[in-house]
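Close look at the chain arrangement
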Amino acid sequence: MKLPQPDSPLDRAAAESLIQAAVDTGTMAADVALRLASNLQHAGVLDALADGAFESKRKGKGDVVTVSRNIFLPLTNLCRNRCTYCSFAKQPDSAEAHTYSLEEVAEGVRGGVATGCTEALLCLGDKPEIAYRSHREWLKERGYGSTADLVLEACKITVAEGMIPHTNAGILSIEEMERLRPWNASMGLMMETTSTRLRGKGMVHFHAPDKDPAVRIRMHEEAGQLRIPFTSGLLLGIGENDAERVATLMTLRDLQERHGNLQEVIVQPFHPKPSTPMRAVEPIRDDEVVAWVALARLILGPEMNVQAPPNLAPGMLERLARSGLNDWGGVSPVTVDFINPEAPWPAIESLRRLTTASGQVLKDRGPVYPDWLLDRPEFFDPEMRKKLLRLATDEGYARRPTHQSDEEAA
Ligand code: SF4
């Protein structure tokens, strides 16, 4: 997508007028978003953006902010790609390389059930069997034809043990997604960026064929055709520029207009990891995260669920709470964030306190948002929807064991 270049500097009054138009119409044009993004250094522009996005959020979501008490199951940390910012993926000969057995999946799920979690995030590397013979043999010895077969069995065990999967297994074919759909409440793939430039030689995605934007857009389209509630998002700070960020958000908006199955969009800052080629890169500033959460809200509109992980901008949580997000995402009382292990989750009680201090109320959700569960039955396998409803309150929020206090679960 070709975007016009930003023109003259904006002062706060001019920024407010552009932002108010976006709040009133429920969307923002690409050239306006880029102009605002290019003027964040000017006094008042960031505050105006956050204020406008907060107003838009309240229009669509009222005073509620949600959180999902989940567990993170990194089914395999082998991956055929080599993104230069990633510390999650391991080589097969690494002492840290690991693929879960079904017994380990069941054990993890039991830990989640015991602490009041309903969502199991199955997150793993992309098709490692393409790159590694040892993984092909590991799968074959256990009767699996592919990593997707393992994911399917892991989803079935997860359901049998009392939790509901949300799978993010990288690129899946439409047939694989179709097989997984009855065993998942929702599925996901971070768009990250639609920049083809970052696939160029020496760039972050040069050795990552699954990060080809066309491949990722196609999977989003196919998830839309299958009516799978889908999570996507924007990854900030991997070398993309403002125009590329805006273009990525515009692509997500376009996908949502055509398929309507994007249940949430995550705005996630990249944290440089010591063991990676990008270890010396300057991390993205917290106030930039606030700005892009706000721009995501204003571009995607008041109805979109916009999420920002609270462990990735811990210095700005009070500000983030009033910047247009309506969801803190998955926060686990059991497992670490395996993608960002250096970034601990905040206690759910402290999230509750700061959400309350922002004039909003924190509510526990399950793996899907209440309005999706209650009002959009066409997006779910009927049996899966029954399971989700059994784990939900009448309002669609997560039902928690009555004996369990927040402190116990946190
Ligand atoms: S695709 Fe994901 S898991 Fe694989 S290297 Fe890239 S960021 Fe890491």
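Just above sits the structure.
Below is a summary of the structure that appears in this document. (Residues numbered from 1 in each chain as written. Predicted model: local features only at pLDDT ≥ 70, side-chain atom pairs only at ≥ 80, totals over all residues.)

Overview of the pairing of strand S8 (residues 327–331)
Across the five residues that make up S8, a large majority, five, are buried. In terms of strand pairing, strand S1 (residues 64–73) meets S8 through three bridges, oriented parallel. For Ser68, the partnering residue across the bridge sits in S8 and is Gly330. (Buried ≥ 20, exposed ≤ 12 C-beta atoms within 10 Å, placed from the backbone. Helix = DSSP H or I, 4+ residues; strand = E, 2+ residues; numbered from the N terminus. Pairing = 2+ DSSP bridges.)

Some details on unusual backbone geometry
Positive phi, normally seen in glycine, also occurs at Lys127, with a value near 30 degrees. Within the secondary structure layout, Lys127 lies in the loop between strand S2 (119–123) and helix H5 (133–141). Residue class for Lys127 comes out buried when judged on the 23 C-beta atoms lying within 10 Å of it. The phi dihedral of Glu192 falls on the positive side, at around 65 degrees, and the residue is not glycine.

Regarding the site of the ligand
Taken together, Cys79, Asn81, Arg82, Cys83, Cys86, Phe88, Ala89, Gly125, Asp126, Gly170, Ala208 and Asp210 make up all the residues around the ligand. Looking at the shell around the ligand, its residues break down into six nonpolar, three polar and three charged. (Near = placed C-beta within 6 Å. Nonpolar A, V, L, I, M, F, W, Y, C, P; charged D, E, K, R; others polar.)

Notes on helix H9 (residues 242–259)
Here H9 is 18 residues long and its end C-alpha atoms lie 26 Å apart, about the 26 Å a rise of 1.5 Å per residue gives. Of the positions making up H9, those classed as buried are Ala243, Glu244, Arg245, Val246, Ala247, Thr248, Leu249, Thr251, Leu252, Arg253, Leu255 and Gln256. If you follow the buried residues of H9, they end up packed against helix H2 (30–37), helix H8 (213–225), strand S5 (230–236), strand S6 (262–269) and helix H10 (286–300). A positive backbone phi angle near 70 degrees is found at Gly260, which sits one or two residues after H9. (Expected span 1.5 Å × (residues − 1). Contact = placed C-beta atoms within 7 Å.)

Any link to function would need more than the numbers given here.
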